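This is what each chain is made of:
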Amino acid sequence: MDNNNLNKKIIPMTSVSSGKGQFVNKDLYCFPIQIVNVVFIGSPDEKKWVLIDAGMAGSADMIKKEAEEIYGENHPPEAIILTHGHFDHIGALVDLLKVWKVPVYAHLNEMPYLTGKENYPEPDPTVEGGLVAKISWLFPNEGIDLAEQVQPLPDDHSVPGLPDWKWIHTPGHSAGHVSLFREGDRSLIAGDAFVNVRQDSLYKVITQEKELTGPPRYLTTDWDAAKQSVLTLADLKPRLAITGHGYPIEGEELTKGLANLARNFDSIARPDYGEYVE
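Residues numbered from 1 in each chain as written. Predicted model: local features only at pLDDT ≥ 70, side-chain atom pairs only at ≥ 80, totals over all residues. Heavy atoms only, no water.

## So, the environment of Pro216
Turning to step 1, where the next piece is worked out: Position of Pro216 relative to the elements: it lies in the loop between α7 (202-207) and α8 (223-235).
Turning to step 2, where the next piece is worked out: On the accessibility criterion, Pro216 (4% relative accessible area) is buried.
Turning to step 3, where the next piece is worked out: C-alpha of Pro216 to C-alpha of Leu254: the two residues are 38 residues apart in sequence and 18 Å apart in space.
Turning to step 4, where the next piece is worked out: Ignoring sequence-local partners within four residues, the contact set of Pro216 consists of His173, Asp192, Val195, Gln199 and His245. (Helix = DSSP H or I, 4+ residues; strand = E, 2+ residues; numbered from the N terminus. Buried < 20%, exposed > 50% of the residue type's maximum accessible area, 1.4 Å probe, protein only. Contact = heavy atoms within 4.5 Å.)

Written out as structure tokens, the structure is:
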């Protein structure tokens, strides 16, 4: 449970979109870091914002600098919300908390991995997929110990610091995976419940070729739950989605793509074989 272990396993992969952040609407900023997205929620005018996920190891300075350019110096986030605690979503978290004394929230089922009690299941390099899946045994699965700095998300599904948003339990990729939804404009932060790039293919990860598909195969341990989570999110009929990997997606492209994924999850997303495939 070494909190510095992630920094010893910096993953050299990166994509063409890394470092090229964009506002997808007035208060939703998607910031790609190597192969994963973090999200800033908050209008630059108001100087109040919340960070969703914490990217790859070694990226704390990159995240902090980007936030300061948008919100100004001395304006840390109100909170950090984790969709889940896999290595590519919490890589910079410990370093960020050294400079930002803010609360961290995650689903209750993620607490064992964030409080030093358990490690995540190991990545599955035997799963059907491309080169990234084959080398996934290199990826860290160790938990971290945030102690009192991390708290469970509220039982009423509210999101601290974001009164217009609700969290939705979307397990499958991890036991405590959550997605965030804002009813007013039907914006969705999906985390890795579904993604917009095939995360097991090295070529597609690097080029960020758009492909709405299920969660990353090599770290997903419950495919029945993952399918149900996609069905749950499709029922929300989001108009805009920021996923943990790949470009933001909206409009008809999202509507048709998510409906197709929900309808054909077993053929599109569920691998034919692998350690966690029944």
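## A few points about the nonpolar core
Turning to step 1, where the next piece is worked out: Counting 40 residues, the largest nonpolar core has Phe40, Leu51, Ile63, Leu93 and Leu146 as the members making the most contacts within it.
Turning to step 2, where the next piece is worked out: For this core, the secondary-structure elements that each account for two or more residues are β2 (28-33), β3 (36-41), α2 (60-71), α3 (87-90), α4 (93-99), β6 (104-106), α5 (111-114) and α6 (131-134).
Turning to step 3, where the next piece is worked out: Among the elements that take part in this core, α2 stands out by supplying five residues, more than any other.
Turning to step 4, where the next piece is worked out: Ranked by size, the runner-up nonpolar core spans 22 residues in total, among them Leu236, Leu254, Phe265 and Ala269. (Core = buried A, V, L, I, M, F, W, Y, C linked by side-chain atoms within 4.5 Å.)

## Describing the sheet that holds strand β9 (residues 162-169)
Turning to step 1, where the next piece is worked out: The sheet built from six strands is open, its strands ordered β8-β9-β10-β11-β12-β13 with mixed pairing. Only two strands of the sheet have a single neighbouring strand rather than two, namely β8 (158-159) and β13 (249-250).
Turning to step 2, where the next piece is worked out: In this structure, strand β10 (residues 178-182) lies alongside strand β11 (residues 187-191), joined through three bridges in antiparallel fashion. From the neighbouring strand, Leu180 faces β11, where its bridge partner is Ile189. (Pairing = 2+ DSSP bridges.)

## Comments concerning α8
Turning to step 1, where the next piece is worked out: Taking 1.5 Å per residue, 13 residues should reach 18 Å; α8 reaches 18 Å between its end C-alpha atoms and fits that length.
Turning to step 2, where the next piece is worked out: Of the residues making up α8, those classed as buried are Trp223, Ala225, Ala226, Ser229, Val230, Leu233 and Ala234.
Turning to step 3, where the next piece is worked out: Where α8 is buried, its residues contact β9, β10, β11, α9 (251-263) and α10 (265-268).
Turning to step 4, where the next piece is worked out: For α8, the N-terminal cap is Asp222; the gap from its side-chain oxygen to the backbone nitrogen of Asp224 is 3.3 Å.
Turning to step 5, where the next piece is worked out: Lys237 sits one or two residues past α8 and shows a positive phi near 50 degrees. (Expected span 1.5 Å × (residues − 1). Polar contact = N/O pair within 3.5 Å; in protein donor to acceptor, adjacent residues only side chain to side chain.)

## Regarding the environment of Ser179
Turning to step 1, where the next piece is worked out: Tracing the backbone shows Ser179 in strand β10.
Turning to step 2, where the next piece is worked out: Ser179 sits in the buried class, given a relative accessible area of 0%.
Turning to step 3, where the next piece is worked out: Each C-alpha atom, one on Ser179 and one on Phe265, is 18 Å from the other, the two residues being 86 residues apart in sequence.
Turning to step 4, where the next piece is worked out: Sequence-distant contacts of Ser179, defined by excluding residues within four places in its chain, comprise Lys166, Trp167, Ile168, Thr170, Leu188, Ile189, Ala190, Ala193 and Leu233.
Turning to step 5, where the next piece is worked out: Side chain to side chain, Ser179 and Thr170 meet in a polar contact 3.0 Å long.
Turning to step 6, where the next piece is worked out: A polar atom in the side chain of Ser179 sits 3.2 Å from the backbone oxygen of Ala190.

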